[in-house]
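This is what each chain is made of:
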Amino acid sequence: MARRDQEPARVRRVRMIIAGALAAAALLVIAVGVRFVMQPLGEVDAGQHYVALPGVDRPRDAEVVVTEYFSYGCVHCRNFDPQIEEWTASLPEGVRFERVPVAFSPAWRALSAAYYAAEELDILDRNHTRLFDAIHRTQLNLQTTDAFARFFDGHGTDGAAFRRAL
(Lines give C-alpha, C1' and ligand atoms only; values in the text may rest on other atoms or scores of the structure.)
Protein backbone atom coordinates (compact mmCIF):
# COMPACT_ATOMS: atom_id res chain seq x y z
CA MET A 1 0.00 0.00 0.00
CA ALA A 2 1.43 3.35 -1.03
CA ARG A 3 1.89 6.16 1.44
CA ARG A 4 0.09 9.45 0.76
CA ASP A 5 3.26 11.32 -0.19
CA GLN A 6 3.95 8.58 -2.75
CA GLU A 7 0.48 8.77 -4.35
CA PRO A 8 0.39 9.85 -7.95
CA ALA A 9 -0.59 13.48 -8.52
CA ARG A 10 -3.76 12.35 -10.29
CA VAL A 11 -5.04 10.51 -7.18
CA ARG A 12 -4.33 13.55 -4.99
CA ARG A 13 -6.21 15.76 -7.47
CA VAL A 14 -9.25 13.44 -7.44
CA ARG A 15 -9.22 13.43 -3.63
CA MET A 16 -9.11 17.23 -3.59
CA ILE A 17 -11.98 17.47 -6.10
CA ILE A 18 -14.11 15.09 -4.01
CA ALA A 19 -13.33 16.95 -0.78
CA GLY A 20 -14.12 20.28 -2.44
CA ALA A 21 -17.42 18.97 -3.82
CA LEU A 22 -18.42 17.64 -0.39
CA ALA A 23 -17.53 20.95 1.26
CA ALA A 24 -19.54 22.88 -1.36
CA ALA A 25 -22.53 20.57 -0.88
CA ALA A 26 -22.33 21.01 2.90
CA LEU A 27 -22.22 24.80 2.54
CA LEU A 28 -25.22 24.70 0.21
CA VAL A 29 -27.23 22.60 2.68
CA ILE A 30 -26.31 24.98 5.51
CA ALA A 31 -27.20 28.06 3.45
CA VAL A 32 -30.59 26.65 2.47
CA GLY A 33 -31.27 25.61 6.08
CA VAL A 34 -30.38 29.05 7.45
CA ARG A 35 -32.57 30.73 4.81
CA PHE A 36 -35.49 28.47 5.74
CA VAL A 37 -35.09 28.97 9.50
CA MET A 38 -34.68 32.76 9.22
CA GLN A 39 -37.76 33.16 7.02
CA PRO A 40 -40.45 35.20 8.80
CA LEU A 41 -43.66 33.41 9.64
CA GLY A 42 -45.96 36.14 8.35
CA GLU A 43 -49.63 36.21 9.19
CA VAL A 44 -51.14 33.29 11.09
CA ASP A 45 -54.79 32.78 10.19
CA ALA A 46 -57.44 30.68 11.92
CA GLY A 47 -58.67 27.95 9.63
CA GLN A 48 -55.56 28.04 7.48
CA HIS A 49 -52.73 27.64 9.99
CA TYR A 50 -54.65 26.30 12.97
CA VAL A 51 -58.10 25.18 14.00
CA ALA A 52 -59.91 26.98 16.81
CA LEU A 53 -61.46 24.40 19.12
CA PRO A 54 -65.08 25.04 20.07
CA GLY A 55 -66.12 25.39 23.70
CA VAL A 56 -62.72 26.17 25.22
CA ASP A 57 -63.23 29.86 25.91
CA ARG A 58 -62.63 30.66 29.55
CA PRO A 59 -65.32 32.35 31.56
CA ARG A 60 -64.74 36.10 31.70
CA ASP A 61 -64.23 36.05 35.48
CA ALA A 62 -61.81 33.08 35.55
CA GLU A 63 -58.12 33.59 36.20
CA VAL A 64 -55.65 32.30 33.62
CA VAL A 65 -52.78 30.38 35.18
CA VAL A 66 -49.58 29.92 33.20
CA THR A 67 -47.38 27.20 34.67
CA GLU A 68 -43.70 26.79 33.88
CA TYR A 69 -42.29 23.33 34.63
CA PHE A 70 -38.53 23.75 35.01
CA SER A 71 -35.39 22.64 36.76
CA TYR A 72 -32.41 24.60 37.96
CA GLY A 73 -30.32 21.79 36.47
CA CYS A 74 -31.68 22.41 32.96
CA VAL A 75 -29.52 24.75 30.87
CA HIS A 76 -32.44 25.45 28.52
CA CYS A 77 -34.58 26.56 31.47
CA ARG A 78 -31.74 28.83 32.57
CA ASN A 79 -31.43 30.32 29.07
CA PHE A 80 -35.19 30.86 28.84
CA ASP A 81 -35.52 32.39 32.31
CA PRO A 82 -34.67 36.02 31.36
CA GLN A 83 -37.49 35.98 28.81
CA ILE A 84 -39.87 34.54 31.41
CA GLU A 85 -38.82 37.25 33.88
CA GLU A 86 -39.42 39.98 31.29
CA TRP A 87 -42.82 38.57 30.36
CA THR A 88 -43.99 38.13 33.96
CA ALA A 89 -43.09 41.74 34.79
CA SER A 90 -46.03 42.91 32.66
CA LEU A 91 -48.68 40.22 33.01
CA PRO A 92 -52.16 41.32 31.98
CA GLU A 93 -54.86 41.51 34.59
CA GLY A 94 -56.38 38.11 35.30
CA VAL A 95 -53.21 36.18 34.46
CA ARG A 96 -51.13 34.48 37.15
CA PHE A 97 -47.73 32.86 36.59
CA GLU A 98 -46.43 29.96 38.65
CA ARG A 99 -43.34 27.80 38.58
CA VAL A 100 -43.21 24.10 39.34
CA PRO A 101 -39.79 22.47 39.65
CA VAL A 102 -39.46 19.01 38.11
CA ALA A 103 -37.19 16.20 39.22
CA PHE A 104 -36.28 13.84 36.39
CA SER A 105 -33.18 12.65 38.26
CA PRO A 106 -31.94 12.42 41.86
CA ALA A 107 -29.73 15.48 41.26
CA TRP A 108 -32.75 17.51 40.14
CA ARG A 109 -34.75 16.26 43.14
CA ALA A 110 -32.35 18.11 45.45
CA LEU A 111 -32.76 21.28 43.37
CA SER A 112 -36.56 20.97 43.57
CA ALA A 113 -36.36 20.61 47.35
CA ALA A 114 -34.19 23.75 47.51
CA TYR A 115 -36.80 25.63 45.44
CA TYR A 116 -39.57 24.73 47.91
CA ALA A 117 -37.39 25.50 50.93
CA ALA A 118 -36.53 28.94 49.51
CA GLU A 119 -40.21 29.51 48.76
CA GLU A 120 -41.14 28.53 52.33
CA LEU A 121 -38.58 31.01 53.71
CA ASP A 122 -39.81 33.73 51.32
CA ILE A 123 -36.33 34.16 49.78
CA LEU A 124 -37.06 32.62 46.40
CA ASP A 125 -37.40 35.85 44.41
CA ARG A 126 -34.00 37.18 45.44
CA ASN A 127 -32.27 33.81 44.92
CA HIS A 128 -33.96 32.36 41.82
CA THR A 129 -31.58 33.82 39.20
CA ARG A 130 -28.67 33.50 41.60
CA LEU A 131 -29.30 29.76 41.85
CA PHE A 132 -29.38 29.33 38.06
CA ASP A 133 -26.13 31.32 37.76
CA ALA A 134 -24.38 29.33 40.50
CA ILE A 135 -25.13 26.07 38.74
CA HIS A 136 -24.58 27.06 35.12
CA ARG A 137 -22.05 29.90 35.25
CA THR A 138 -19.83 28.88 38.15
CA GLN A 139 -20.62 25.12 38.11
CA LEU A 140 -21.26 25.14 41.85
CA ASN A 141 -22.11 21.63 43.06
CA LEU A 142 -25.31 21.93 45.08
CA GLN A 143 -26.26 18.36 45.93
CA THR A 144 -25.93 18.27 49.70
CA THR A 145 -27.79 19.99 52.50
CA ASP A 146 -24.54 21.63 53.63
CA ALA A 147 -23.85 23.02 50.15
CA PHE A 148 -27.35 24.52 49.98
CA ALA A 149 -27.05 25.92 53.51
CA ARG A 150 -23.77 27.64 52.59
CA PHE A 151 -25.26 28.95 49.34
CA PHE A 152 -28.31 30.53 51.01
CA ASP A 153 -26.55 31.66 54.20
CA GLY A 154 -26.56 35.46 54.27
CA HIS A 155 -28.93 35.75 51.31
CA GLY A 156 -32.20 36.25 53.13
CA THR A 157 -31.68 33.54 55.72
CA ASP A 158 -28.99 31.74 57.66
CA GLY A 159 -27.70 28.24 57.01
CA ALA A 160 -29.44 26.68 60.00
CA ALA A 161 -32.85 28.04 59.02
CA PHE A 162 -32.37 26.82 55.47
CA ARG A 163 -31.41 23.33 56.72
CA ARG A 164 -34.63 23.19 58.74
CA ALA A 165 -36.73 24.30 55.78
CA LEU A 166 -34.98 21.86 53.46
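Residues numbered from 1 in each chain as written. Predicted model: local features only at pLDDT ≥ 70, side-chain atom pairs only at ≥ 80, totals over all residues. Heavy atoms only, no water.

Any chance you could explain the side chain of His136 here in plain terms?
Here His136 lies in helix α4 (residues 124-136). Ignoring anything within four residues of it in the chain, the contact list for His136 reads Tyr72, Gly73, Cys74, Val75 and Arg78. (Helix = DSSP H or I, 4+ residues; strand = E, 2+ residues; numbered from the N terminus. Contact = heavy atoms within 4.5 Å.)

Hey, could you run me through the pairing of strand β1 (residues 64-70) in this one?
Bridge analysis of β1 against strand β2 (residues 95-101) gives 7 bridges, and the strand direction is parallel. Paired with Val65 across the bridge in β2 is Arg96. Between β1 and its parallel partner β2, the chain crosses via helix α2 (residues 75-88), and the hand of that crossover is right-handed. (Pairing = 2+ DSSP bridges. Right-handed = clockwise from strand over helix to strand, strands pointing away.)

Can you help me understand the packing of α2 against α4 in this one?
Where α2 meets α4, the axes come as close as 10 Å, and the angle between the chain directions of the two elements is 150 degrees. Relative to α4, the element α2 is oriented roughly antiparallel. As α2 runs across α4, the sense of the crossing is left-handed. Of α4, the residues touching α2 (which contributes Val75, Cys77, Arg78, Asp81 and Glu85) are His128, Thr129, Phe132, Asp133 and His136. For the contact of α2 with α4, a count of residues per class yields 3 nonpolar, 3 polar and 4 charged. (Axes fitted to C-alpha atoms, helices over the stretch in contact; angles between N-to-C directions. Parallel < 35°, antiparallel > 145°, perpendicular 65-115°, else oblique. Left-handed = near helix turned anticlockwise from the far one by under 90°. Nonpolar A, V, L, I, M, F, W, Y, C, P; charged D, E, K, R; others polar.)

So what exactly am I meant to see when it comes to unusual backbone geometry here?
Glycine aside, residues mostly have negative phi, and peptide bonds are mostly found in the trans state. Even without being glycine, Asp122 reaches a positive phi, approximately 60 degrees. Note that Asp122 resides in the loop between α3 (106-120) and α4. Asp122 sits in the exposed class, given a relative accessible area of 63%. Unlike most non-glycine residues, Gln139 shows phi in positive territory, near 50 degrees. Its place among the elements puts Gln139 in the loop between α4 and α5 (145-152). Under the relative-accessibility criterion, Gln139 is labelled exposed at 57%. (Buried < 20%, exposed > 50% of the residue type's maximum accessible area, 1.4 Å probe, protein only.)

Could you clarify how one ought to interpret the environment of Gly73 in this entry?
The topology assignment puts Gly73 in the loop between β1 and α2. Gly73 gets classed as partly exposed once you look at its relative accessible area, which sits at 25%. With 63 residues separating them in the primary sequence, Gly73 and His136 have C-alpha atoms 7.9 Å apart. Beyond its immediate stretch of four places on either side in the chain, Gly73 contacts Trp108, Leu111 and His136.

How do you make sense of the nonpolar core when you look at a structure like this?
Soluble globular proteins: nonpolar side chains tend toward being buried together. Core analysis: the largest hydrophobic core is formed by 22 residues, its most contacted members being Tyr72, Leu131, Leu142, Phe148, Phe152 and Phe162. It is α3 that provides the largest number of residues to this core, a total of 6 residues. The contact partners of Phe148, leaving out residues within four places of it in the chain, are Ala110, Leu111, Ala114, Leu142, Gln143, Phe162 and Leu166. (Core = buried A, V, L, I, M, F, W, Y, C linked by side-chain atoms within 4.5 Å.)

Whenever I open this one, the environment of Ala113 confuses me. Can you help?
As for its placement among the helices and strands, Ala113 is situated in helix α3. Here Ala113 falls in the partly exposed class, since its relative accessible area comes to 32%. Sequence spacing of Ala113 and Pro101 is 12 residues, and the spatial spacing of their C-alpha atoms is 8.6 Å.

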